[in-house]
Amino acid sequence: MGDDKRDTGLRETLEDRDPNSLNQHVQIVWDDIIGEPEGARSPECAWRVSRACFARARDSCYTLLAVLAAPPCALLLGCGFACLAFEQIWCSTPCLRCVKIYLASLRNVVQACMAATVAPAMDALGHVCRHIRINYRQDATEDRDLLVI
């Protein structure tokens, strides 16, 4: 029974090779590439033969490239992503964590200084500006101010 589950899982993996829809932009189906408008139609036999040639050439060329180039590409991509993961796990993340720890105390000092100096000054400025009223009048003549404070 364990083999049946494993075979089913393998079969599902082989059937759906792009489960996250990573390559939806790559359209290599005849109908998505070639289309004849009403005014320009080739003979039916030419259309069918062209479609068959396209499909067979695409499949053959892709198969050949996949057999020859996919394993080395997969090897390089695997090594590249392994290096990327190693760098993130063992270098970048610990380094960023150290910076956050070191700068936490500096942040507290800056916050205390701002609370002691800038915050009271801004509060005082807010109290001064709170009583300013601006009225815009459209009926004023040109020699009179349009903005009254």
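Residues numbered from 1 in each chain as written. Predicted model: local features only at pLDDT ≥ 70, side-chain atom pairs only at ≥ 80, totals over all residues. Heavy atoms only, no water.

> Can you help me understand the overall build of the protein chain in this one?
On a plain count of helices and strands, the protein chain comes out with four helices and two strands. Taken from the N to the C terminus, the helices and strands of the protein chain come in the order α-α-α-α-β-β. Burial status across the protein chain gives 2% buried among its 149 residues. Counting only contacts in the protein chain whose residues sit at least 6 apart along the sequence, the fraction spanning at least 24 positions is 18%. (Helix = DSSP H or I, 4+ residues; strand = E, 2+ residues; numbered from the N terminus. Buried < 20%, exposed > 50% of the residue type's maximum accessible area, 1.4 Å probe, protein only. Contact = heavy atoms within 4.5 Å.)

> What is the right way to look at the confidence of the model for the protein chain in this model?
As a note on interpretation, predicted positions should not be read in detail where pLDDT is low. In the predicted model, the protein chain carries a mean pLDDT of 86, and 83% of its residues have values of at least 70. No element of the protein chain has a lower mean pLDDT than strand 2 (residues 147-148), which averages 56, and none a higher one than helix 3 (residues 44-116), which averages 95. (pLDDT = per-residue confidence, 0-100.)

> In this structure, what is going on with the pattern of salt bridges? I would like to understand it.
Think of it this way: side chains of opposite charge can pair up when their charged atoms draw near. One pass over the structure, following the stated rule, counts three salt bridges. Taking the shortest distance from any N to any O, the salt bridge between Arg-58 and Asp-59 comes out at 3.0 Å. Looking at Arg-58, the relative accessible area reads 25%, which means it is partly exposed. With relative accessibility at 40%, the residue Asp-59 sits in the partly exposed group. (Salt bridge = Lys/Arg side-chain N within 4 Å of Asp/Glu carboxyl O.)

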